[in-house]
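Architecture and fold: a report
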Amino acid sequence: MFWDFIRIPLSVFEFEDGDTFKAIYVATMVFWTIDVFRNFFVGHFSKGNMVMTFQQVAARYLKTWFGMDISLIVLDWMLLLDFAGDHQTYLKAL
């Protein structure tokens, strides 16, 4: 997450993406992709009770943050694959 706080504001400026940047970019995308799936297993409190059953946790996640999370992840992967068409080194980082 720290990388996102640094990289996103700097994306306004044009600079050459080195191999280190590309590796961090891919690692960040993998982290957020895994986080989407991890959220199906993170319990929550409802009316003072801890909810840990998969069905209830998944239903709540699908109703709340899933749409935003999956939209951003798909967009990120599409951008990476688009860049990979021009820059094969992104695929090497995978």
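We now turn to the structure provided with this report. (Residues numbered from 1 in each chain as written. Predicted model: local features only at pLDDT ≥ 70, side-chain atom pairs only at ≥ 80, totals over all residues. Heavy atoms only, no water.)

**Topic: a nonpolar patch on the surface**
For clarity, the cut-off: Each patch is built from residues lacking any salt bridge and having more than 30% relative accessible area; the joining distance is 9 Å for like charges and 5 Å for nonpolar side chains (Val, Leu, Ile, Met, Phe, Trp, Tyr). Using a 1.4 Å probe, the Shrake-Rupley method yields the accessible areas, and only the shown protein chains count as cover for residues. Within this document, salt bridges are pairs made up of a side-chain nitrogen of Lys or Arg and a carboxyl oxygen of Asp or Glu, the two lying within 4 Å of each other. Each residue is placed in one exposure class: buried if its accessible area under a 1.4 Å probe, protein chains only, is under 20% of its type's maximum, exposed if it is over 50%, and partly exposed if it falls in between.
Taken together, Phe 2, Ile 6, Leu 10, Val 12 and Phe 13 make up a surface patch of nonpolar side chains, about 540 Å² in accessible area. The class for Ile 6 is partly exposed, based on a relative accessible area of 32%.

**Describing unusual backbone geometry**
Counted only if it meets this: Helix and strand labels come from DSSP, where a helix needs a run of H or I of at least four residues and a strand needs a run of E of at least two; each type is numbered from the N terminus.
Non-glycine residue Lys 47 carries a positive phi angle of around 55 degrees. Mapped onto the elements, Lys 47 comes out in the loop between strand E1 (44-46) and strand E2 (49-51). Take Lys 47: its relative accessible area is 83%, and that puts it in the exposed class.

**Considering helix H2 (residues 19-38)**
Our working rule: Any helix carries an expected span of 1.5 Å times its number of residues minus one.
In a regular helix each residue adds 1.5 Å, so 20 residues correspond to 28 Å; H2 covers 28 Å between its end C-alpha atoms and thus fits that length. By the burial criterion, the buried members of H2 are Phe 21, Lys 22, Tyr 25, Val 26, Thr 28, Met 29, Thr 33, Asp 35 and Val 36.

**Some points on the packing of helix H1 (residues 2-10) against H2**
Applicable threshold: Axis definition: a line fitted to C-alpha atoms, over the contacting stretch in the case of helices. Angles run 0 to 180 degrees between N-to-C directions. An angle counts as roughly parallel when it lies under 35 degrees, as roughly antiparallel when it exceeds 145, as roughly perpendicular when it falls between 65 and 115, and as oblique in every other case. For a crossing to be left-handed, the near helix must be turned anticlockwise from the far one by less than a right angle; the clockwise case is right-handed. Residue contacts are counted whenever heavy atoms from the two residues lie within 4.5 Å of one another.
Axis separation between H1 and H2 bottoms out at 11 Å; the angle between their running directions is 125 degrees. Accordingly, the angle class assigned to the pair H1 and H2 is oblique. The hand of the H1/H2 crossing is left-handed. Listed contacts from H2 to Trp 3, Asp 4 and Arg 7 of H1 are Phe 21, Ile 24, Tyr 25, Thr 28 and Trp 32.

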